[in-house]
Amino acid sequence: MVETHTENTTPATADSAAAERPLGVAVIGAGMAGAAHAAAWRSATTVKAPFGRDVRLVAIADIAEPLAQSVAGRYGYERTVSDWRELCDADDVDIVSVVVANKLHREIVEALVQAGKHVLCEKPLSDSLEDARAMAQTARAAESVVRIGFTFRRAPGLATLRQLITDGTLGEVVHINGRYYADYSCDPDAPMTWRYRGEQGSGSLADLGSHMLYAAEFLAGPIRAVAGGRFRTVIAERHLPLRATVGHGKVALSDETETVTNDDWAGFIAEFDDASGTFETSRIAHGHPNGLRFEVNCVKGAAVWDQATPDEVRIYHDDASGRASWGNGFRTIKLGAEHPYVADGFAMAAPGIGFGHNDSFVFQARAFLEEVTQEAEDTTWPVNASFDEGLRNMEIIEAVAESARQNGSLVTVS
Ligand SMILES: NC(=O)c1ccc[n+]([C@@H]2O[C@H](COP(=O)([O-])OP(=O)(O)OC[C@H]3O[C@@H](n4cnc5c(N)ncnc54)[C@H](O)[C@@H]3O)[C@@H](O)[C@H]2O)c1
């Protein structure tokens, strides 16, 4: 149940009283993904069986006040703050989503964890390996729940692919191709934002590739080495915006420009224990608004999953009607609402009802709430990714960058 009332229900000191009162939620960053988090906390208690604690939508924090007010108003949060530090001292805030530029993650997460808050931080963990290492250490020592938001494992098709691989239906992956194409930077008049600043590897590879790598390891196991690292920056200068930006949106531009220092496109090869893979990320791929796609070739068949149709998989199986038969081929399977990452989560729990990226945020939020309240393991969805997984993800990104610096050499991943 979501509460939006405003009276102060802060308990005195007793732990039992704290356990009874509503869980207070706040979101730092009211931009593109911040709005998705704000919406998700609102709906998280409405998926699956009734949630055992009341959830109170307390605050949206953003330096852009009108944006914070707009998101708070739309999703029913009680107040807005312009300085996220206020949330550290707020007794009515227990859970905080950190949804700001990657380089701000460390300072905010560390302060929140220090204040005893449960933290769900957006991907990638940070903009530097050094900060990511420190954040993983902070999470290991934390007494609160500290997780990173790799949303894609909750897409039905991706989870089903993994199941077909691990239960032996398709068998082990032999080779895998993954690409995450997006078109948000195709327009040279898209404004300069935090996304275009940083070292090579912190552009499309960190923004899109962080999701791709986490999903690739879900399918084919740990990446042991990368090679052939290459980056391209195609639109080298961008105009500064004249007002606050949200996500990839366009705003009025200044005449002043700034140099884009990171990758519009990245490519690399990856070696797994038993498989090899080729990967690409692009933010300048025309006609692909949000195009994460995998094709896996396995010992007994092959399969394709595409974010454009996240509740669908295309499967080829050798046994379907004979290996060489004209009767065999890829078949498209429309998935139902039953799999470990979303089972029992849909109001209309029927095959073919569709699934979107926003749903992933809701299921992610619900899994987080259940971890906070320590639901019995057999009744919960799989937990969200740990900061150690976020660090590993950053280590692979850094290995690709190192391979590029070494003109494509093989670089091992620890
Ligand atoms: N999981 C996903 O699918 C997904 C999608 C998009 C973005 N993200 C991640 O979410 C994060 C934010 O990305 P975005 O696209 O929403 O960015 P954005 O630029 O749209 O929004 C960032 C917001 O942070 C605010 N902000 C800046 N400094 C602040 C401060 N000191 N205190 C409070 N607010 C501050 C800005 O005003 C802005 O509203 C990034 O880490 C990104 O990688 C994840």
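Quick notes on the rules
- Residues numbered from 1 in each chain as written.
- Predicted model: local features only at pLDDT ≥ 70, side-chain atom pairs only at ≥ 80, totals over all residues.
- Near = placed C-beta within 6 Å.
- Helix = DSSP H or I, 4+ residues; strand = E, 2+ residues; numbered from the N terminus.
- Nonpolar A, V, L, I, M, F, W, Y, C, P; charged D, E, K, R; others polar.
- Domains from an automatic or database assignment.
- UniProt positions renumbered as here; feature names shortened; annotations may be inferred.
- Buried ≥ 20, exposed ≤ 12 C-beta atoms within 10 Å, placed from the backbone.
- Arc of directions from axis to C-beta.
- Contact = placed C-beta atoms within 7 Å.
- Axes fitted to C-alpha atoms, helices over the stretch in contact; angles between N-to-C directions.
- Parallel < 35°, antiparallel > 145°, perpendicular 65-115°, else oblique.
- Left-handed = near helix turned anticlockwise from the far one by under 90°.

Surrounding the ligand, one finds 28 residues, the nearest of these being G29, G31, M32, A33 and E122. The element best represented in the shell around the ligand is helix 2 (residues 32–43), accounting for three residues. The residue inventory of the shell around the ligand, partitioned by class, reads 15 nonpolar, nine polar and four charged. Taken domain by domain, the makeup of the shell around the ligand includes at least three residues from each of domain 1 (2–152) and domain 2 (153–385 + 390–405).

A separate point is the UniProt feature "domain: GFO/IDH/MocA-like oxidoreductase" (unreviewed entry) in the chain. The feature "domain: GFO/IDH/MocA-like oxidoreductase" (unreviewed entry), as given by UniProt, occupies residues 159–303 in the numbering adopted here. The span residues 159–303 is 17% helix and 39% strand, and its two end C-alpha atoms sit 12 Å from each other.

For helix 3 (residues 65–75), the full list of buried residues reads L67, A68, V71, A72 and Y75. Around the axis of helix 3, the buried residues are gathered within 130° of arc, so they sit on the same side. Projecting away from the buried face of helix 3 at angles above 90 degrees are the exposed residues P66 and G73. Where helix 3 is buried, its residues touch helix 2, strand 3 (55–61) and strand 4 (79–81). Two residues or fewer after helix 3 comes G76, characterised by a positive phi angle close to 85°.

Two numbers describe how helix 2 lies on helix 10 (residues 357–372): the axes approach to 8 Å, and their chain directions differ by 55°. As judged from the angle between their axes, helix 2 and helix 10 are oblique. Note that helix 2 runs across helix 10; the crossing there is right-handed. Counting all contacts with helix 2, which are made through A36, H37, A39, A40, W41 and S43, the residues of helix 10 involved are N358, F361, V362, Q364 and A365. Taken together, the residues that form the contact of helix 2 with helix 10 break down as seven nonpolar, four polar and no charged.

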